[in-house]
Amino acid sequence: MKNFTNKVAFITGASTGIGYALAEALGRAGMRVMLAGINEQNLDAALAKLRSAGITAERVQCDVASRASVQKAADTTIAKFGKVHVVCNNAGVGMGGEIGTIPESDWEWVIRVNLMGVVHGTEIFVPLLAKHGEGGHIVNTSSIAGLLAAPGMEPYAATKFAVVAMSEGWRLQLAPRGIGVSVLCPAFVRTSIGSGHRNRPGGPRPGSAEGAALLNKLVEAGMDPQMLAARVLEAIRDDELYIFTHPELKAAVEGRFNAILAAFDHAAKSPALESHKPQDLSAMMGPPPQQAQAR
Ligand SMILES: NC(=O)c1ccc[n+]([C@@H]2O[C@H](COP(=O)([O-])OP(=O)(O)OC[C@H]3O[C@@H](n4cnc5c(N)ncnc54)[C@H](O)[C@@H]3O)[C@@H](O)[C@H]2O)c1
């Protein structure tokens, strides 16, 4: 999508951090923005700030974990603005811990917000993006944890790996409908993600304070969200699939991919697979997702 003027963006987790920075950057580029978020007070504060910067904005309370809530937010967006062109499925929460210590309800919470939140936003908005024929773009916020899993962050990484996988598949499915898909994979960004447990049902998990303090330290030293938002706008304009913001992590990703390739070489020499007859699986896999370009 090359031209943002007067178009409409819907952003989840928009009252703080990365979501707010995206709303501000898209607004400054000429878009009208719908701020969606779970906390009404934060939404009001963000809305006032954007409006005082001359950006046309509205706000809607929305819990991305609930399909009905996202549907209601979509209906409100259409009622206010008539159309939607850019959707940022950005809301997310951090979750980790030592193996065996994370209650199943916490696994379910992080999966509902980080994974199903992206499913809800994409499934509900795709028909609206496709309908007007003016083109559309979806930005799903994953993380560098969607490619590199740090020990102790398995629930978070599992959901962020899923966001990368879904974005790759959806890019291929949606390009012919004129909708681009990007997946945002930042490392640390200066936001309130370290206190994300504020949104956990029942409040912060007992014993999570130490982990949160370490995360806060890393996050405080992280990138300015406005810089990240400028990178995201470049990527929407150029219809890029993967959006990286921390090029210094290329070597770590390369290391993981090299280990995977080496394991294939090892399998190719395996006596156990000696009589394996290779199948042609290219039809099932489709073309590489990065090659798909929205019309
Ligand atoms: N900050 C980082 O270092 C970093 C790095 C990589 C990825 N991310 C990802 O960026 C995204 C935004 O996080 P952030 O860093 O701006 O932190 P943040 O805590 O400032 O923003 C997250 C937002 O999501 C909202 N939210 C939480 N649960 C919700 C729900 N159920 N429904 C709707 N909104 C909900 C929060 O209220 C908050 O406004 C997240 O998906 C996060 O995983 C952040």
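Look a little higher up for the structure.
My aim in this report is to walk through the structure given alongside it, one point at a time.

Calculation criteria
- All residue numbers refer to position in the chain's written sequence, counted from 1.
- Selection of residues for local features in this predicted model requires a pLDDT of at least 70, selection of side-chain atom pairs for listing and counting requires 80 or more, and totals for whole chains, interfaces and linings are taken over all residues.
- Heavy atoms from the whole structure form the basis of all side-chain values; hydrogens and water molecules are not counted.
- Where helices and strands are cited, they refer to DSSP runs of H or I of at least four residues and of E of at least two residues respectively, numbered from the N terminus.
- Atoms counted for the radius of gyration: C-alpha only. Globule rule: 2.2 Å times the number of residues to the power 0.38.
- For the exposure calls, accessible area comes from a 1.4 Å probe over protein chains only, and a residue counts as buried if that area is under 20% of its type's maximum, exposed if over 50%, partly exposed in between.
- Note on contacts: a residue pair is in contact if any heavy atoms of the two residues lie within 4.5 Å.
- Note on areas: Shrake-Rupley, 1.4 Å probe, and residue coverage restricted to the protein chains presented here.
- Think of it this way: Lys and Arg go in the positive column, Asp and Glu in the negative one, and His and the chain ends go nowhere.
- Charged side chains are reduced to one point each, which is NZ for Lys, CZ for Arg, CG for Asp and CD for Glu.
- What counts as a salt bridge is simple: a side-chain nitrogen of Lys or Arg found within 4 Å of a carboxyl oxygen of Asp or Glu.
- Inter-axis angles, ranging from 0 to 180 degrees, are taken between N-to-C directions of lines fitted to C-alpha atoms, where helices are fitted over the stretch in contact.
- Here is the rule for angles: anything less than 35 degrees is roughly parallel, anything more than 145 is roughly antiparallel, 65 through 115 is roughly perpendicular, and the remaining ranges are oblique.
- Handedness of each helix crossing follows the sense of rotation of the near helix against the far helix: counterclockwise by less than a right angle gives left-handed, clockwise gives right-handed.
- For this classification, Asp, Glu, Lys and Arg are treated as charged, while Ala, Val, Leu, Ile, Met, Phe, Trp, Tyr, Cys and Pro are nonpolar and the rest, including Gly, are polar.
- Residues enter a nonpolar core if they are buried and are Ala, Val, Leu, Ile, Met, Phe, Trp, Tyr or Cys, with the set joined through side-chain atoms within 4.5 Å.
- Being near a molecule or strand, for a residue, means having at least one of its heavy atoms within 4 Å of it.
- Any N or O atom pair separated by 3.5 Å or less is treated as a polar contact, with the protein-specific requirement of one donor-capable and one acceptor-capable atom, and with residues adjacent in sequence counted only for side-chain atom pairs.
- The rule for pairing is simple: two strands pair if DSSP sees at least two bridges between them.
- A clockwise course of the path from the first strand over the helix to the second, judged with the strands pointing away from the viewer, identifies a crossover as right-handed.

Check the secondary structure of the protein chain and you find 9 helices and 7 strands. Computed over the C-alpha atoms, the radius of gyration of the protein chain is 20 Å, within 12% of the 19 Å expected from 2.2 N^0.38 for a compact globule of 295 residues. Principal-axis analysis of the C-alpha atoms gives the protein chain an extent of 65 × 50 × 35 Å. Of all 295 residues assigned to the protein chain, the portion counted as buried reaches 46%. Nonlocal contacts in the protein chain, meaning residues at least 24 apart in sequence, comprise 73% of its contacts between residues at least 6 apart. Summed over its atoms, the accessible surface of the protein chain is roughly 14700 Å², and 58% of this surface lies on carbon and sulfur atoms. Across the protein chain, the centroid of the 28 positively charged side chains sits 7 Å from that of the 26 negatively charged ones.

Taken as a whole, this structure holds 12 salt bridges when the rule is applied. Close ionic contact of Lys-80 with Glu-58 constitutes a salt bridge, the shortest N to O distance being 3.9 Å. One end of the pair, Lys-80, is in helix H3 (residues 67–81); the other, Glu-58, is in strand S3 (residues 57–61), and 22 residues separate them in sequence. When its relative accessible area of 22% is taken as the criterion, Glu-58 is described as partly exposed. As a salt-bridge pair, Asp-239 and Arg-171 come within 3.1 Å of each other at their nearest N and O atoms. Note that Asp-239 is positioned in the loop between helix H7 (225–237) and strand S7 (242–244) and Arg-171 in helix H5 (residues 154–174), a separation of 68 residues in sequence.

As a further point, take the packing of helix H1 (residues 17–28) against H7. Put simply, H1 and H7 touch, their axes get as near as 8 Å, and they point 55 degrees apart. It follows from the interaxial angle that H1 and H7 lie oblique. H1 and H7 meet at a crossing whose hand is right-handed. Residue-level contacts link Gly-17, Ile-18, Ala-21, Leu-22, Glu-24, Ala-25 and Leu-26 of H1 to Pro-225, Gln-226, Leu-228, Ala-229, Val-232, Leu-233 and Ile-236 of H7. Along the lines of polarity and charge, the residues of the contact of H1 with H7 split into 11 nonpolar, 2 polar and 1 charged.

Below, the discussion takes up the nonpolar core. Nonpolar side chains tend to gather and get buried jointly when the protein is soluble and globular. Counting residues in each nonpolar core, the largest one holds 44 residues, and the members touching the most others are Phe-10 and Phe-125. Within the residue set of this core, elements represented by two or more residues are strand S1 (8–12), strand S2 (32–37), H3, helix H4 (104–131), H5 and strand S6 (179–185). Element by element, the count of residues in this core is highest for H4, at 10 residues. Contact partners of Phe-10, with chain neighbours within four places excluded, come to Met-34, Ala-36, Val-60, Ala-73, Thr-77, Val-84, Val-86, Val-87, Cys-88 and Phe-125.

As a matter of local geometry, the ligand sits amid 28 residues, with Thr-16, Asp-63, Tyr-156, Val-189 and Thr-191 nearest to it. Side-chain polar atom of Thr-16 to an oxygen atom of the ligand: 2.7 Å apart, as the coordinates give it. The backbone of Ile-193 places a nitrogen or oxygen atom 3.5 Å from an oxygen atom of the ligand. With the chains in place, 98% of the 820 Å² that the ligand exposes on its own is no longer accessible. Where the shell around the ligand is concerned, the elements lending two or more residues are H1 and H5. Among the residues forming the shell around the ligand, the class breakdown is 13 nonpolar, 12 polar and 3 charged.

Here we take up the side chain of Thr-12. Of note, Thr-12 is situated in strand S1. Within the local environment of Thr-12, its side chain forms a polar contact with the backbone nitrogen of Ala-91, the two atoms lying 2.9 Å apart. In this structure Thr-12 touches Gly-19, Ala-36, Val-64, Cys-88, Asn-89, Asn-90 and Ala-91, once residues within four positions along its chain are discounted.

Burial of S2 is extensive: 5 of the 6 residues sit out of reach of the surface. Relative to S2, S1 runs parallel, the two being bridged by 5 bridges. Among the inter-strand pairings, Ala-9 is bridged to a residue of S2, identified as Val-33. Read as a crossover between parallel neighbours, the route from S1 over H1 to S2 is right-handed. Pairing analysis gives 5 bridges linking S2 to S3, with the strands arranged parallel. Bridge pairing in S3 links Ala-36 to Val-60. The β-α-β motif built from S2, the intervening helix H2 (residues 40–52) and the parallel element S3 has right-handed crossover chirality.

In short, geometric facts, not functional conclusions.
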